[in-house]
Amino acid sequence: MTERTVLVTGGTGGLGGAVTAAFLDAGWRVVVPRREPGTDDGAVRVVADLLTPEGAARAVEAATAEPAAPLRAVVNLVGGYGAGGLVHETPVDDFERMLRLNLRPTYLVTHAALPHLMASGDGAVVCVSARAAVSPFPGASGYVTAKAAVRAFAETVAVEYRQRGVRCNTVLPSVIDTPANRAAQPDADHRRWVPPAEIAEVIRFLASPESAPTSGASIPVYGRA
């Protein structure tokens, strides 16, 4: 797979580190945007703010800089959770913050990468939504709506680019077994949570030629939760 590049947004997070490692282990060239300079694990690191069109373009430029390893996949991991009250208790700024954090980078990076993925003829996009998108819970209307929007956006990309050589699929995690989640929920049954490495393998598969017939899918990765 050394002739392939994958752009992994959010590649420094709890899930992102596992996804980056999975692609590196499979021999991909991996490009990871980040807000601060840094090098560590064999991935190509580029400083870029993915909340801006300029930052998204900069990340895609780095991902397409190696002609011998053209961009073949984009993995959209950037996002975050924000709890709140019920809808009537949630300020619109808090609601919109979740949309901006979860949906905007996914849109901007995919928008910038699609011409390159079409040129490759076998491009793939993988987005991360959440179980909450199909099974909402109270007290997080912004997060639930944003993750549902990510799923709808991915399904739209799948339909629009099906005949243009680009696939798009979504994974739906429940609670991922990361240090941050353990710290936030110390009394939970962590055995029911899914290790990041297991989700990373599903993502790697969806980005790879082995999953060529699959597009427009929403894959639950709930574990026993």
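Quick caveat, the model's predicted, so the values are computed rather than measured.

Scoring rules and cut-offs
Residues numbered from 1 in each chain as written. Predicted model: local features only at pLDDT ≥ 70, side-chain atom pairs only at ≥ 80, totals over all residues. Heavy atoms only, no water. Helix = DSSP H or I, 4+ residues; strand = E, 2+ residues; numbered from the N terminus. Rg over C-alpha atoms; globule rule 2.2 N^0.38 Å. Buried < 20%, exposed > 50% of the residue type's maximum accessible area, 1.4 Å probe, protein only. Areas by Shrake-Rupley, 256 points an atom, 1.4 Å probe, with all protein chains shown as cover. Lys, Arg positive; Asp, Glu negative; His and termini not counted. Charge placed at Lys NZ, Arg CZ, Asp CG, Glu CD. Core = buried A, V, L, I, M, F, W, Y, C linked by side-chain atoms within 4.5 Å. Contact = heavy atoms within 4.5 Å. Salt bridge = Lys/Arg side-chain N within 4 Å of Asp/Glu carboxyl O. pLDDT = per-residue confidence, 0-100. Expected span 1.5 Å × (residues − 1). Arc of directions from axis to C-beta. Bend = angle between axes of the 7 residues up to and from the residue. Pairing = 2+ DSSP bridges. Axes fitted to C-alpha atoms, helices over the stretch in contact; angles between N-to-C directions.

### With respect to the overall build of the chain
Scanning the chain for helices and strands turns up seven helices and seven strands. The globule rule puts the C-alpha radius of gyration for 225 residues at 17 Å, and the 17 Å found for the chain is close to it. Structurally, the chain occupies a C-alpha span of about 50 × 35 × 35 Å along its principal axes. For the chain, buried positions account for 44% of its 225 residues. Of the accessible surface of the chain, which amounts to about 10,500 Å², a share of 54% is contributed by carbon and sulfur atoms. Of the charged side chains in the chain, 21 are positive and 22 negative; the average position of the first set lies 3 Å away from that of the second.

### What about the environment of Asp189?
With respect to the helices, strands and loops of the structure, Asp189 is situated in the loop between helix H6 (179–184) and helix H7 (196–207). In this structure the C-alpha to C-alpha distance between Asp189 and Arg167, which are 22 residues apart in sequence, comes to 36 Å.

### Concerning the nonpolar core
Side chains of a nonpolar character, in soluble globular proteins, are inclined to be buried together. Core analysis: the largest hydrophobic core is formed by 27 residues, its most contacted members being Leu7, Leu71, Val74, Leu117 and Cys168. Those elements that place two or more of their residues in this core are helix H2 (53–63), strand E4 (71–76), helix H4 (104–120), strand E5 (123–128), helix H5 (141–160) and strand E6 (166–173). Dropping the residues within four chain positions of it, Cys168 is found in contact with Val125, Cys127, Ala154, Val157, Ala158, Ser215, Gly216 and Ala217. Residues Ala73, Val126, Ile176 and Ala207 belong to the second largest nonpolar core, which totals 26 residues.

### Quick notes on the pattern of salt bridges
Under the counting rule described, the total for this entry stands at six salt bridges. Residue Glu3 is joined to Arg4 by a salt bridge in which the shortest nitrogen-to-oxygen separation is 3.9 Å. Judged by its relative accessible area of 9%, Arg4 is buried. A salt bridge links Glu201 to Arg204, with the nearest nitrogen and oxygen atoms 3.1 Å apart. Taken as a pair, Glu201 and Arg204 lie in helix H7 at a separation of three residues, close to a single helical turn. Members of the salt-bridge network, linked through shared partners, are Glu3, Arg4, Arg72 and Asp122.

### As for the confidence of the model for the chain
As a general rule, the predicted coordinates of low-pLDDT regions are not to be interpreted in detail. The predicted model of the chain has a mean per-residue pLDDT of 91, with 96% of residues at 70 or higher. When pLDDT is averaged over each helix and strand of the chain, the minimum, 73, is found for H6 and the maximum, 98, for E4.

### Side note on H7
The terminal C-alpha atoms of H7 lie 16 Å apart, and with 12 residues this matches the ideal 16 Å at 1.5 Å per residue to within 8%. Looking at H7, one finds that the buried residues are Pro196, Ile199, Ala200, Ile203, Arg204, Leu206 and Ala207. Looking down the long axis of H7, one finds its buried residues gathered within 160 degrees of arc, a one-sided arrangement. Packed against the buried residues of H7 are helix H1 (14–25), E4, E5, E6 and strand E7 (218–221).

### Thoughts on H4
Taking 1.5 Å as the rise per residue, H4 with 17 residues should run 24 Å; its terminal C-alpha atoms sit 25 Å apart, in good agreement. Most pronounced at Leu114, the bend in H4 amounts to some 40 degrees, and the proline Pro115 follows within four residues. Inspection of H4 places Pro105, Thr106, Leu108, Val109, Thr110, Ala113, Leu114, Leu117 and Ser120 among the buried residues, and these make up the whole buried set. At the C-terminal side of H4, Gly121 shows a positive phi close to 85 degrees.

### Here's the deal with the sheet that holds E7
The seven strands lie next to each other as E3-E2-E1-E4-E5-E6-E7, forming an open sheet whose pairing is parallel. With partners counted over all chains shown, the strands left at the sheet margins are strand E3 (44–47) and E7, one partner each. Here the average twist between neighbouring strands, direction ignored, is 20 degrees. By the bridge criterion, five bridges tie strand E1 (residues 5–9) to E4 in an arrangement that is parallel. Following the sheet pairing, Thr5 is matched in E4 by Leu71. Packed onto the sheet, H2 meets E1, strand E2 (29–34), E3 and E4 and runs at close to 160 degrees relative to E2. Strands E4, E5, E6 and E7 of the sheet are contacted by H7, whose axis makes an angle of about 165 degrees with E6.

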